[in-house]
Amino acid sequence: MHNIVVLEAVAATIHTPRQETRTIQAVGDGTFIVDVLKMDRKKMMASKLPSGI
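Residues numbered from 1 in each chain as written. Predicted model: local features only at pLDDT ≥ 70, side-chain atom pairs only at ≥ 80, totals over all residues. Heavy atoms only, no water.

A. A look at the overall build of the chain. Each helix and strand counted, the chain has 1 helix and 3 strands in total. Ordered by position from the N terminus, the helices and strands of the chain form the series β-β-β-α. The C-alpha atoms of the chain give 14 Å as radius of gyration, which overshoots the globular expectation for 53 residues (10 Å, by more than 25%). Considering only contacts in the chain between residues 6 or more positions apart, those separated by 24 or more positions represent 16%. For the chain, the accessible surface area stands at approximately 5300 Å², while carbon and sulfur atoms represent 57% of it. The centroid of the 7 positive side-chain charges in the chain is displaced by 7 Å from the centroid of its 5 negative side-chain charges. (Helix = DSSP H or I, 4+ residues; strand = E, 2+ residues; numbered from the N terminus. Rg over C-alpha atoms; globule rule 2.2 N^0.38 Å. Contact = heavy atoms within 4.5 Å. Areas by Shrake-Rupley, 256 points an atom, 1.4 Å probe, with all protein chains shown as cover. Lys, Arg positive; Asp, Glu negative; His and termini not counted. Charge placed at Lys NZ, Arg CZ, Asp CG, Glu CD.)

B. Highlighting the pairing of strand β2 (residues 31-34). One ladder, built from 3 bridges, connects strand β1 (residues 24-26) with β2; its direction is antiparallel. Its bridge partner lying in β2, Ala 26 is registered against Phe 32. Here β1 folds back onto β2, and the loop between the two strands holds 4 residues, one of which, Gly 28, carries a positive phi near 115 degrees. For β2 and strand β3 (residues 37-40), the ladder comprises 4 bridges, and the chain directions are antiparallel. From the neighbouring strand, Val 34 faces β3, where its bridge partner is Leu 37. Following β2, the chain reverses through 2 residues before pairing antiparallel with β3; Asp 35 in that reversal takes a positive phi of roughly 55 degrees. (Pairing = 2+ DSSP bridges.)

C. Fine view of the confidence of the model for the chain. Chain-level pLDDT for the chain is 80 on average; 96% of the residues reach the 70-or-more range. When mean pLDDT is taken per element in the chain, β2 scores highest with 86 and helix α1 (residues 42-45) scores lowest with 78. (pLDDT = per-residue confidence, 0-100.)

D. The side chain of Thr 31, seen in detail. Tracing the backbone through its elements, the reader meets Thr 31 in strand β2. Looking at Thr 31, the relative accessible area reads 3%, which means it is buried. (Buried < 20%, exposed > 50% of the residue type's maximum accessible area, 1.4 Å probe, protein only.)

So, in structure tokens, the structure goes:
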């Protein structure tokens with residue numbers, strides 16, 4: 001069984017004085033990848049994820 005979570009971006013901002021340009025990717029199971037660093041946020045995202053993930 002596979003679950004797919006599709007999100008729609010509703011807003012984006014650019015902070016022009018900031019020189020740092022990192023990217024963030026949501027894996028979909030509560031983990032995120034910032035550039036090459038994997039961040040486990042499953043506990044923080046548990047209430048927002050569908051059951052079974």
